[in-house]
Amino acid sequence: MTLDPAEFVDCALLLFPQLYDPAELGFMRQHLRPGDTFLDCGAHIGLYSLVASPLVGPEGRVIAVEPTPATYARLVGHLQANRAFNVQALNIGLSDQRETLQLNLVESGNRAANTFLQHVVPADTTVAVDCLPMALVLERCRVTHVRGAKLDIEGFEHRVMAQFFKDAPASLYPGFIVTEFHEQLVPVMGGNILELLQAHGYQVALTHALNYVLVYPPTLGE
């Protein structure tokens, strides 16, 4: 990967990669199998996608969704450099409907914090991004089974998943989900993502920093 030490995520991967999401990535390594599909929502520069790619193998798939145009270009470059040909990168956003939203961009320091939420981070500029519901993305990619998913979409997790549960059959629920949870953002997120997932049968498997790994036992056991 080509990393910029002035960026928060890049700096962590450059200086102490063994400390970056070790529990979450360890869980993925234990539960992703050849032939599986992994959904990377908020793929950023591609760490999770690059870890998942060899785990699911040439018969498996990774769908990497990244809305920020400049970050998407870096993601594609990293995928190409690593010959991760089983990763399909999409330069779109996720929402609860088909729409075009303004993405608030942080121009330096922590571009991973770019968000569709208004007035959450001090944005330097905005860019219009086409957004789709998650179930529609999976349909267009002809995905029928999701072994695991990472949700790091900066406050849109509840909005996206609430619509996904309305649109998708239980057979399409990811077997496990890695998600951020910022309790202070619940009022502007529209709801509590952890409570939403648990209401649909997910159970917390582990926690690390701001991340939670939840499993959907009927699917994970398949």
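Residues numbered from 1 in each chain as written. Predicted model: local features only at pLDDT ≥ 70, side-chain atom pairs only at ≥ 80, totals over all residues. Heavy atoms only, no water.

Trainee: So what exactly am I meant to see when it comes to the pairing of strand 10 (residues 211–215) here?
Mentor: Every other side chain in a regular strand lies on the same face of the sheet, so the side chains alternate between the two faces. Within strand 10, 4 of the 5 residues are buried, which leaves it mostly tucked inside the rest of the structure. Note: strand 8 (residues 176–180) against strand 10, 5 bridges, orientation antiparallel. Each residue of the ladder has a partner; that of T179, found in strand 10, is Y212. Note that strand 9 (residues 203–208) and strand 10 share 5 bridges and pair antiparallel. Paired with Q203 across the strands is V215, a residue of strand 10. Here strand 9 hands over to strand 10 after 2 residues, with A209 in that stretch at a positive phi of 55 degrees. (Buried < 20%, exposed > 50% of the residue type's maximum accessible area, 1.4 Å probe, protein only. Helix = DSSP H or I, 4+ residues; strand = E, 2+ residues; numbered from the N terminus. Pairing = 2+ DSSP bridges.)

Trainee: Where do I start with helix 1 (residues 8–15) in this structure?
Mentor: Residue pairs spaced three or four apart in an α-helix point in one direction, given the helix's 3.6 residues per turn. Within helix 1, burial applies to V9, D10, A12 and L13. Within helix 1, the buried residues cover an arc of 165 degrees as seen down the axis, which keeps them to one side. Facing away from the buried side of helix 1, by more than 90 degrees, are the exposed residues F8 and L15. Where helix 1 is buried, its residues contact helix 3 (47–56) and helix 4 (69–81). (Arc of directions from axis to C-beta. Contact = heavy atoms within 4.5 Å.)

Trainee: What is the right way to read the pattern of salt bridges from this model?
Mentor: Close approach of charged atoms allows side chains of opposite charge to pair. All chains considered together, the criterion is met by 7 salt bridges. Here E7 and R111 are joined by a salt bridge, their closest N and O atoms 2.7 Å apart. In this pair, E7 is assigned in the segment before helix 1 and R111 in the loop between strand 5 (99–105) and strand 6 (125–132), connecting sequence segments 104 residues apart. A salt bridge links R159 to D96; its shortest N-O distance comes to 3.0 Å. Of this pair, R159 sits in helix 6 (residues 157–167) while D96 sits in the loop between strand 4 (93–94) and strand 5, and the two are 63 residues apart along the sequence. Relative accessible area serves as the criterion here: at 26%, D96 is assigned to the partly exposed category. Shared partners join several salt bridges into a network, and the residues in it are R33, D36 and R147. (Salt bridge = Lys/Arg side-chain N within 4 Å of Asp/Glu carboxyl O.)

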